[in-house]
Amino acid sequence: MEITKMPAYQRLKERFQEKGYSEGIQDNTPIFYWGNVCQIPEKVTVGHYIYAQIYGKIEFRNIPKEYRTREFFLHTLSGASEDVVAYVKDHPEEFDREFFKDHIATSYYGLEFKLNDFEYMPLEFIDEEMVACAMFQSVKARYVERRGDFKDWFFSVYKRKPEVLTEDLYILGARCFARKLYGGNEFLEITPKAYRTREYYLALCLKNDPCSMEDVPEDILTTDFLLEVLNDGLENIQCFNDVALEKKVSIEGKGTIKFWQFVLLMNGYQIKNIPLNEERVLFFFAVYGKNSFEYQCCEEYLDKKGFLY
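Residues numbered from 1 in each chain as written. Predicted model: local features only at pLDDT ≥ 70, side-chain atom pairs only at ≥ 80, totals over all residues. Heavy atoms only, no water.

Novice: Please give an account of the overall build of the protein chain that cites residues and values.
Specialist: Regarding its fold elements, the protein chain presents 16 helices and two strands. Along the longest, intermediate and shortest principal axes, the C-alpha atoms of the protein chain span 75 × 45 × 30 Å. The proportion of buried residues among the 309 residues of the protein chain is 50%. Relative to all contacts within the protein chain whose residues are 6 or more apart in sequence, the contacts with residues 24 or more apart total 56%. When the accessible surface of the protein chain is split by element, carbon and sulfur atoms take 49% of a total near 15,800 Å². When the 39 positive and 51 negative side-chain charges of the protein chain are each reduced to one mean point, those points stand 2 Å apart. (Helix = DSSP H or I, 4+ residues; strand = E, 2+ residues; numbered from the N terminus. Buried < 20%, exposed > 50% of the residue type's maximum accessible area, 1.4 Å probe, protein only. Contact = heavy atoms within 4.5 Å. Areas by Shrake-Rupley, 256 points an atom, 1.4 Å probe, with all protein chains shown as cover. Lys, Arg positive; Asp, Glu negative; His and termini not counted. Charge placed at Lys NZ, Arg CZ, Asp CG, Glu CD.)

This is the structure in structure tokens:
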């Protein structure tokens, strides 16, 4: 299921429209290459200074005030540029609510790094509309433009004004931001227990990193739940833990089989997404002979894992 078709996304979008909210406007100021700032072009523009700032050709303190325009800050404000951030923090009268909305629309970097926009924008700017704008941009960044997660803003809001984070935002965050790293899942840990519903855990398992199912409670981990996860895409088998892999399901014409067997029968190439042991590999060999495309495609992988005999 595409994230924009998830019920939580649809509810968030509908509420956004019903409330008359609006997303920021992306700024399209032309940015010009300026590799040597000692050679000032005949017609120097804000776009030249934007390039020079972004690529470290010039220090912020050396940029003439007349070129420190709204457009300049929309493109250069980033947690990676602490001097620019410091200026914005010290001059709140120059940066209104609409500036931050437009910055979120213009630059994904307003959502990233420890010093993301939500870390220091005036607290009164952090509301339902602003966080929805940030979530829409995060979805676009990851699933449309494949640019990354850009999740730091969510944690900043959680720290400064958690009451504006709704259940739908947490569900979408489970899909976009939740990762199992070093034995822990930071996003899951900050999610209120009341929001850890079946819908939330389903989002956690859709096209997510391996091991995410380790965090799903036993009462949620039903056969119907696992089938719904796989119905979204067989590659989701990668998030199954051993308990889920070994659960059994009744399939017409196949009888009662384990979930990993079901997936391999449906698509042999998914062997690459299933933790291997002798039983699973022998089952794969029994279904897909040496002349099959599946075997030939996965042969190198199986050999690498030490399962070719």
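Novice: Tell me about the pairing of strand 2 (residues 255-258), and name the residues and values.
Specialist: Pairing between strand 1 (residues 248-251) and strand 2: four bridges, direction antiparallel. Each residue of the ladder has a partner; that of Ser250, found in strand 2, is Thr256. (Pairing = 2+ DSSP bridges.)

Novice: Lay out the environment of Ser78 in plain terms, naming residues and giving numbers.
Specialist: Examined against the element boundaries, Ser78 turns out to sit in the loop between helix 3 (70-76) and helix 4 (82-90). Given the relative accessible area of 9%, Ser78 is considered buried. Separated by 38 residues in sequence, Ser78 and Ile40 place their C-alpha atoms 25 Å apart. Not counting residues up to four positions away in its chain, the partners in contact with Ser78 are Val85, Tyr109, Phe113 and Leu115.

Novice: Go over the state of the cysteines with me, naming the residues and quoting the values.
Specialist: Applying the stated rule across the entire model yields zero disulfides. Just so you know, Cys176 is unpaired, no disulfide at all, and the nearest cysteine sulfur is the one on Cys205, 15 Å from it. For Cys176, a relative accessible area of 1% corresponds to the buried category. The thiol of Cys298 is unpaired, and the distance to the nearest cysteine sulfur, on Cys297, comes to 4.7 Å. (Disulfide = S-S within 2.5 Å.)

Novice: Please give an account of the environment of Asp96 that cites residues and values.
Specialist: Topologically, Asp96 is positioned in the loop between helix 4 and helix 5 (97-106). When the C-alpha atoms of Asp96 and Gln39 are compared, they prove to be 35 Å apart, with 57 residues separating the residues in sequence. Of the polar contacts made by the side chain of Asp96, one reaches the backbone nitrogen of Phe99; its length is 2.9 Å. (Polar contact = N/O pair within 3.5 Å; in protein donor to acceptor, adjacent residues only side chain to side chain.)

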